[in-house]
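Residue-level structural notes
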Amino acid sequence: MRSLGTEWMLITAGNKEKYNTMTASWGGMGILWNKSVVFAFVRPQRYTFEFLENNDYFSLSFYGKQWARALKFCGTNSGRDINKAKVTGLVPVFDEKAPYFEQANTVVICRKLYSQDMQESSIIDEDLKQYYHGDDYHRVYVAEMIRVLVHD
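Residues numbered from 1 in each chain as written. Predicted model: local features only at pLDDT ≥ 70, side-chain atom pairs only at ≥ 80, totals over all residues. Heavy atoms only, no water.

Counting buried positions along strand 1 (residues 9–14) gives 6 out of 6 residues, so the element sits mostly inside the fold. Going residue by residue along strand 1, you find Met9, Ile11 and Ala13 tucked away on one face and Leu10, Thr12 and Gly14 tucked away on the opposite face as well. Sheet analysis places strand 1 next to strand 2 (residues 19–24), joined by 6 bridges and oriented antiparallel. Residue pairing for strand 2: threonine 12 is matched across the bridge by threonine 21. The turn linking strand 1 back onto strand 2 is made up of 4 residues. One ladder, built from 3 bridges, connects strand 1 with strand 5 (residues 57–62); its direction is antiparallel. (Buried < 20%, exposed > 50% of the residue type's maximum accessible area, 1.4 Å probe, protein only. Helix = DSSP H or I, 4+ residues; strand = E, 2+ residues; numbered from the N terminus. Pairing = 2+ DSSP bridges.)

Shown next as structure tokens:
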């Protein structure tokens, strides 16, 4: 969890023909429905959103601090306009159910179980509304952790 908040992660979905990745610093892991799960939050206007919607699996990947510039780039540029892997030097891997990048030190392969759009009416703590302007609420994905890959 510390890595997520300080070093970020990439959420990646799609296939060898077409995929996209985005940087995220919000999320969680836990137990739900007697399964080890992750919670991922993605706004509908993000390009990665359509890949999450159209695929049953996605990956969460974590990197060392030396990849901070690449993750920042992936979080501030759209895959609609640019090939993020080519620009950053990240090398995609397609040997699992969801793409990820070979530079990751930890990869979680996830299978979607549930999704729901956040709504203003469900926010209890008024201070949280500062994270939303207009109607740009996240969709929450709950996904089962299918496999965890740890690389040196």
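The next thing to look at is the confidence of the model for the protein chain. Here the protein chain shows a mean pLDDT of 92. Residues at 70 or above account for 95%. The secondary structure element of the protein chain with the lowest average pLDDT is helix 1 (residues 2–7), at 59, and the one with the highest is strand 7 (residues 100–101), at 97. (pLDDT = per-residue confidence, 0-100.)

With that settled, the discussion passes to helix 2 (residues 47–54). Tyr47, Thr48, Phe49, Phe51 and Leu52 are the residues of helix 2 that are buried. Packed against the buried residues of helix 2 are strand 1, strand 2, strand 4 (35–42), strand 5, strand 8 (106–117) and strand 9 (139–150). (Contact = heavy atoms within 4.5 Å.)

Let's shift gears to the environment of glycine 75. Position of glycine 75 among the secondary structure elements: in helix 3 (residues 68–76). Given a relative accessible area of 30%, glycine 75 falls into the partly exposed group. Each C-alpha atom, one on glycine 75 and one on threonine 23, is 4.5 Å from the other, the two residues being 52 residues apart in sequence. Not counting chain neighbours up to four residues away, the residues in contact with glycine 75 comprise Thr23 and Arg46.

Looking at the secondary structure, you find asparagine 20 in strand 2. Here threonine 48 takes part through its side chain, which lies 2.8 Å from a polar atom of the side chain of asparagine 20. When sequence neighbours within four positions are dropped, the list of residues in contact with asparagine 20 reads Ile11, Thr12, Ala13, Tyr47, Thr48, Phe51, Gly79 and Lys84. (Polar contact = N/O pair within 3.5 Å; in protein donor to acceptor, adjacent residues only side chain to side chain.)

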